[in-house]
Each structure stands twice: as structure tokens, then as C-alpha cells.
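Report on the structure
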Amino acid sequence: MRRFLNKGNEKFARFTKTKYFVDKTAFLNKRLELDDSEKFVCNSRPRRFGKSVTADMLVAYFSKGADSKSLFEPLACVKDALFLESLNQYDTIFVDIQAQYTEAYKKRAAPNEYIEQNNLKELRAEYPQLITGQETLAESLAKIYYETGNQFVVIFDEWDYPIRELGKDRREREEYKEHMCVRAVSKRC
């Protein structure tokens, strides 16, 4: 089972069946209306206000690894032409930063490199003819885009974990801000 690339819609599907589900799928229509200059969206709310559910919804909607038409059918989102043509059409990378930092620490690995290497491993498996193993994650995404035209949606859940939980003097915190945040924004795919 994939951990990062083109995950399925199981988490969001399960949540839609709980008594706590509030349909916020109209957010997808608003997101689709944004132009290319508004590619980067930060879904920031207080803790326990549904950021992870929103991330799972975005994965279910964008990911090529899911067939979500029937899942979204009864929900509040407007199923117009733009909605239907974008449904499950993108390579989607989902990273739960807190979970990956926790795993990296258990393995005594540098968290940022751990996340990058695990994502690269899945990209090499999906695109073996393009990714040789010498590229960085940003270079790999760019290479895939330029060779195939495939666009990526990248979703970070618990993106604020290193900033929120690691002390200001922690090297990993500064590396995260530099490595993950700055690089991700500077390399547009």
C-alpha cells in the first residue's frame, strides 16, 4: 500500500459515514476557481477544527489512486464540468508531517531527508523510466511534469508540527522551514 503517492479515498469515505461529518465539499468548488497565481493554499484553522478531514477530502478528490465519483455524488459540492474534469485526475502526494517526523525519530533518521527519500522511492516505482535515483524530490517532480505533463497536487497535513512542537533552537525546525517550505514554493511543477 502506498503511503504518499496517489492514496485512495478510504479515510474520507469512512469519515463521511460518521455522526460528526459536516459537509464542507463546497470548498472544492472554491479551490477549483483559483487561477494559477493562487496555486498554494494554506488551510489554517485552530486545532480540532477539521484540517485533517479537509486534507483527506482533497486526497479523495484529486488523487489518481481513487475512484471518488460515487463518494462525492450525494455531497454539497457542485458537480459542474470543471469539478468532473478534475476529479481523480492528478498525481497526488500526501504527507502527514507529524507522523513522518515521529517515524523518522524512531529510526534515528533526519526527518526532512526521511520524508524526501520515502517520497522519491514511490516516485521511482511509479515512474521508473524517468526517475533514476540521483534526483532530488523537486527535480523528480519537475522532470515528471516536463516529460509527461502530469501535474502534482501536494497536500501536507500537520504541516505546522515542527514549528509548533520543536523548540526554537532545534536544528530540525530550522531545516524544515528552509528545506520543506522554501523549496516547495520555489520549485513549481
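Here the structure is a predicted model, which means the values were calculated and not measured.

What follows concerns the packing of aromatic side chains. Applying the stated criterion across every chain, the model contains twelve aromatic pairs. Plain terms: the ring middles of Phe12 and Phe21 are 6.1 Å apart, the flat faces sit at 70° to each other, and that makes the pair edge-to-face. Comparing Phe12 with Phe21 shows no difference in burial state: the two are buried. For the ring pair Phe12 and Phe72, a centre distance of 5.7 Å and an interplane angle of 25° mean the geometry is stacked. Pair noted here: Phe12 is in helix 1 (residues 10–16) and Phe72 is in helix 4 (residues 69–72), with a separation of 60 residues, a long-range link. Take Phe12: its relative accessible area is 2%, and that puts it in the buried class.

A few words now on the pairing of strand 1 (residues 91–96). Where burial is concerned, most of strand 1 is hidden: five out of the six residues are buried. Here strand 1 pairs with strand 2 (residues 152–157) via six bridges, running parallel. By the bridge assignment, Thr92 is partnered in strand 2 with Val153.

A low pLDDT means the predicted coordinates there should not be read in detail. For the chain, per-residue confidence averages 87 on the pLDDT scale, and residues scoring 70 or more make up 90% of the total. Confidence scores differ between elements of the chain, with helix 10 (residues 171–186) showing the lowest mean pLDDT of 66 and helix 4 the highest of 96. Low confidence marks residues 182–189, where pLDDT is under 50. Its contacts with residues over four positions away, or in another chain, come to 14 contacts.

What counts and how
Residues numbered from 1 in each chain as written. Predicted model: local features only at pLDDT ≥ 70, side-chain atom pairs only at ≥ 80, totals over all residues. Heavy atoms only, no water. Phe/Tyr/Trp six-rings, centres within 6.5 Å; stacked < 30°, edge-to-face > 60°. Buried < 20%, exposed > 50% of the residue type's maximum accessible area, 1.4 Å probe, protein only. Helix = DSSP H or I, 4+ residues; strand = E, 2+ residues; numbered from the N terminus. Pairing = 2+ DSSP bridges. pLDDT = per-residue confidence, 0-100. Contact = heavy atoms within 4.5 Å.

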